[in-house]
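Take a look at the letters that make up each chain.
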Amino acid sequence: MPADLATRNQSTRFLLLYALAWAGGSVSYVPFLSILLPVRVSAVAPGASVEWLAQIAFVGAVAASLGNIGFGWLSDKTGSRRGLIVAGVAISSTLLVTMPITPDYGRLLLHIVAWQLSLNLMLAPLAAWAGDCIPHHQKGVLGGLIAFAPAIGAMSGALVTMPGLASGDGRLWLVAVLVPLCVLPAVLMGKPRPFPDLLHSGAAAVPLHQKLAHLLHSAVGRMWIARLLIQIAESALFAYLYVWLRTLDESVGDNDTARLFSIVLAGSVPIAFLAGYWSDRSGRPARPLVVGTALSATGLVVMGLAGSVPVAVAGYCIFGLTSTAFLSLHSAQTLRFLSRPEHRGRDLGLFNLTNTVPSLVMPWLALALVPVFGFGALFFLLAGFAAASSMLLLSLSRHA
């Protein structure tokens, strides 16, 4: 590689360490929220576990959303992204291993809210740090690398619950050890090359009312809405895939659904990496996003028409592979469209709302459509969302 090109690129070493740190972010919450917390709640409140988990999920999502925006803003103001990341790792790990086993719902809820806030003390500056260090022409490769994170998060859940390895508090300690092992190498030893042009836009400040007036017409606004629409579809499939497959064939078990999830999650990684690599080489960062959302809509239409499990699985694979790859690439390419680096952490926190708002919207869509019209109507509506997402991004692909 020519020397001048090498200096325009962030080092491969830092890219890999950052991807490991991003995966550590998934490890920090996926095993606890998906497995360890439900087990604890079921043990202390077996008769009210569903209600407890639903309320904890809602309050936790609100805390995570506010924390991500707030700590992103704090990292912008202080300019100390790495210091906040280290503090977030330390505090969240401490709160995790001291998580109470108690029938006192209020105490458990407050502890989880504090844990969610400390988690975002780590996650918000970690997300913004990529925008500070990784040039735009490497954002596609970044998106491919961070596609490993969901799979590693799921694998960590399988690891800590492995029979005979640990139980009870021991599982929490395992997570608390794995997270700093993943996150801290990038912070302490990453040594990224500096790119001053990524830190200052030189743009004049714009009044708030003008920002709001032009938001829906801006690239950032379209990126936000496009991701939200796909996340609503993802949320619905995550919650109802098992139930839907059972309506087609009652012999489908939970393990079958879990394996399908795992296959799709693993399969999306090479797709995201190759698409991201192509987007960097071709200089067309938005094109894979348009294709991904269009194929997601196609998969949802197939699911809506499915009358058998093989067709249903085929439709879900089309949707799952492309939408999961889309979300990873979108996370990286969003950094390209944020025009004010000095507000990068805060703005990424606002983008993070696309991860939490769907959990509030999706149940109402399902309740309104499925009991009356069946799952097919829900999938057709979600296909419309995905198609609208593709149309929003299409205008970006003409220029980027």
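For clarity, every value in this text was computed on a predicted model and none was experimentally measured. The residue count restarts for each chain, going from 1 along the sequence in the order it is written. Predicted model: local features are reported for residues with pLDDT of at least 70 only, side-chain atom pairs are reported and counted for 80 or more only, and whole-chain, interface and lining totals are derived from all residues. Computation of side-chain values covers all heavy atoms of the structure but excludes hydrogens and water.

## Some details on the overall build of the protein chain
Part 1 of the argument: What counts as a helix is a DSSP run of H or I of at least four residues, what counts as a strand is a run of E of at least two, and both are numbered from the N terminus. Per the secondary structure count, the protein chain includes 17 helices and 0 strands.
Part 2 of the argument: Radius of gyration (C-alpha) of the protein chain: 21 Å, near the 21 Å computed for a compact globule of 400 residues.
Part 3 of the argument: Taking the principal axes of the C-alpha coordinates as reference, the protein chain spans close to 60 × 50 × 45 Å.
Part 4 of the argument: Residues classed as buried in the protein chain amount to 49% of the 400 residues present.
Part 5 of the argument: Within the protein chain, counting contacts between residues at least 6 apart in sequence, those at least 24 apart form 82% of the total.
Part 6 of the argument: Charge counting follows a simple rule: Lys and Arg are positive, Asp and Glu are negative, and His as well as the terminal groups are ignored. Where a charge lies is defined by one atom per residue type, namely NZ (Lys), CZ (Arg), CG (Asp) and CD (Glu). Between the averaged position of the 24 positive side-chain charges in the protein chain and that of its 15 negative side-chain charges there is a distance of 11 Å. Each radius of gyration reported is based on C-alpha atoms, and the globular scaling rule is 2.2 Å times the count of residues to the power 0.38. The cut-offs for exposure are 20% and 50% of the maximum accessible area for each residue type, with area from a 1.4 Å probe on protein chains only; residues under the lower value are buried, those over the upper are exposed, and the others partly exposed. When checking whether two residues touch, look at their non-hydrogen atoms; a contact exists if any pair is within 4.5 Å.

## What to know about the packing of helix α2 (residues 12-44) against helix α5 (residues 105-133)
Part 1 of the argument: Angles shown run from 0 to 180 degrees and are taken between the N-to-C directions of axes, each axis being a line fitted to C-alpha atoms and, for helices, limited to the stretch in contact. Between α2 and α5, whose axes approach to 11 Å, the crossing angle comes to 165 degrees. In terms of axis orientation, α2 runs roughly antiparallel to α5. Between α2 and α5 lies a crossing of left-handed hand. Judged by residue contacts, Phe 14, Tyr 18, Ala 21, Trp 22, Gly 25, Ser 28, Tyr 29, Phe 32, Leu 33, Leu 37 and Val 41 of α2 engage Leu 108, Ile 112, Trp 115, Gln 116, Leu 119, Met 122, Leu 123, Leu 126, Ala 127, Trp 129, Ala 130 and Cys 133 from α5. Oblique is the label for any angle not under 35 degrees, not over 145, and not in the 65 to 115 range, which are roughly parallel, roughly antiparallel and roughly perpendicular in turn. Crossing handedness follows the turn of the near helix against the far one: under a right angle anticlockwise gives a left-handed crossing, and clockwise gives a right-handed one.

## Some thoughts on the side chain of Ser 328
Part 1 of the argument: With respect to the element layout, Ser 328 can be found in helix α13 (residues 309-337).
Part 2 of the argument: Filtering out sequence-adjacent residues up to four positions away, Ser 328 remains in contact with Gly 143, Ile 146 and Ala 147.

## Section: the pattern of salt bridges
Part 1 of the argument: Here, a salt bridge means any side-chain nitrogen of Lys or Arg that lies within 4 Å of a carboxyl oxygen of Asp or Glu. Enumeration according to the criterion identifies 5 salt bridges in this entry.
Part 2 of the argument: Here Asp 169 ties to Arg 40 by a salt bridge, and the two come within 2.3 Å at their closest N and O atoms. Taken together, the positions of Asp 169 in helix α8 (residues 169-189) and Arg 40 in helix α2 put the pair 129 residues apart, joining distant regions of the chain.
Part 3 of the argument: Taking relative accessible area as the criterion, Asp 169 reaches 37% and is therefore assigned partly exposed.

## Digging into the packing of α2 against α8
Part 1 of the argument: Their axes nearest at 8 Å, the elements α2 and α8 cross at an angle of 165 degrees. Relative to α8, the element α2 is oriented roughly antiparallel. In this structure, α2 crosses over α8, and the sense of that crossing is left-handed.
Part 2 of the argument: Throughout this entry, Asp, Glu, Lys and Arg are counted as charged residues, while Ala, Val, Leu, Ile, Met, Phe, Trp, Tyr, Cys and Pro are counted as nonpolar. The remaining residues, Gly among them, count as polar. Of the residues belonging to the contact of α2 with α8, the class tally is 19 nonpolar, 3 polar and 4 charged.

## Observations concerning the packing of aromatic side chains
Part 1 of the argument: Any two rings among Phe, Tyr and Trp, with Trp reduced to its six-membered ring, count as a pair given centres within 6.5 Å; such a pair is stacked if its planes are under 30 degrees apart, edge-to-face if over 60, and tilted if neither. For the structure shown, the criterion picks out 11 aromatic pairs.
Part 2 of the argument: A network of ring pairs unites the aromatic residues Phe 14, Tyr 18, Trp 22 and Trp 129 as a single cluster.

## What to know about the nonpolar core
Part 1 of the argument: Among buried residues, the Ala, Val, Leu, Ile, Met, Phe, Trp, Tyr and Cys ones that are joined through side-chain atoms within 4.5 Å form a nonpolar core. Trp 129, Leu 237, Trp 244, Leu 300 and Leu 382 are the most contacted members of the largest nonpolar core, which totals 89 residues.
Part 2 of the argument: Sort the elements by how many residues they give to this core and α5 lands first, with 13 residues.
Part 3 of the argument: What Trp 129 contacts, discounting residues up to four positions off in sequence, is Phe 14, Tyr 18, Arg 81, Arg 82, Ile 85, Ala 186, Val 187 and Pro 192.

## Some details on a nonpolar patch on the surface
Part 1 of the argument: Surface patches are defined over residues having more than 30% relative accessible area and no salt bridge, joining like charges when they lie within 9 Å and nonpolar side chains (Val, Leu, Ile, Met, Phe, Trp, Tyr) when within 5 Å. Here the accessible surface of atoms and residues is derived via Shrake-Rupley with a 1.4 Å probe, and residues count as covered only by protein chains that are part of the display. A cluster of nonpolar residues, Phe 58, Val 62, Leu 66, Leu 360 and Val 361, forms a patch on the protein surface that exposes about 420 Å² of accessible area.
Part 2 of the argument: Of all elements in the fold, only α3 (49-78) and α16 (358-373) reach the threshold of two or more residues within the nonpolar patch.
Part 3 of the argument: Tallying contributions element by element places α3 first for the nonpolar patch, with 3 residues.
Part 4 of the argument: With respect to the helices, strands and loops of the structure, Val 62 is situated in helix α3.

## As for the environment of Ser 28
Part 1 of the argument: Structurally, Ser 28 can be placed in helix α2.
Part 2 of the argument: Separated by 95 residues in the primary sequence, Ser 28 and Leu 123 have C-alpha atoms spaced 9.7 Å apart.
Part 3 of the argument: Once you skip the residues sitting within four places of it in the chain, Ser 28 turns out to touch Trp 115, Leu 119, Met 122, Val 175 and Val 179.

## Brief notes about α16
Part 1 of the argument: Relative to the 22 Å expected for 16 residues at 1.5 Å per residue, α16 spans 21 Å between its end C-alpha atoms, a close match to the ideal helical length.
Part 2 of the argument: Two axes enter the definition of the bend at a residue: one is fitted to the seven residues ending there, the other to the seven starting there, and the bend is the angle between them. The largest bend along α16 reaches roughly 25 degrees and is located at Ala 366.
Part 3 of the argument: The set of residues buried in α16 consists of Pro 358, Met 362, Ala 366, Leu 369 and Val 370.
Part 4 of the argument: Positive phi appears at Gly 374, one or two residues downstream of α16, with a value of about 90 degrees. By this rule the span expected of a helix is its residue count minus one, scaled by 1.5 Å.

## A few points about unusual backbone geometry
Part 1 of the argument: The phi dihedral of Lys 191 falls on the positive side, at around 45 degrees, and the residue is not glycine.
Part 2 of the argument: If you trace the backbone, Lys 191 turns up in the loop between α8 and α9 (208-214).

## Some words on α2
Part 1 of the argument: For α2, which comprises 33 residues, the first-to-last C-alpha distance of 47 Å matches the rise-based estimate of 48 Å (1.5 Å per residue) to within 8%.
Part 2 of the argument: A maximum bend of about 45 degrees is found in α2 at Leu 33.

## Observations regarding the confidence of the model for the protein chain
Part 1 of the argument: One number per residue, pLDDT, summarises how confident the predictor is, and it ranges from 0 to 100. Looking at the protein chain, pLDDT values average 86 and 92% of them are 70 or higher.
Part 2 of the argument: Taken element by element, the protein chain is modelled with least confidence in α9, mean pLDDT 46, and with most confidence in helix α4 (residues 81-97), mean pLDDT 96.
Part 3 of the argument: The model gives residues 208-214 a pLDDT under 50, and that stretch makes 2 contacts with residues more than four places away or in other chains.

## What to know about the state of the cysteines
Part 1 of the argument: Only a pair of cysteine sulfur atoms within 2.5 Å qualifies as a disulfide here. One pass over the full model with this rule turns up 0 disulfides.
Part 2 of the argument: There is no disulfide at Cys 182, and the cysteine sulfur nearest it, in Cys 133, is 19 Å away.
Part 3 of the argument: With a relative accessible area of 13%, Cys 182 lands in the buried category.

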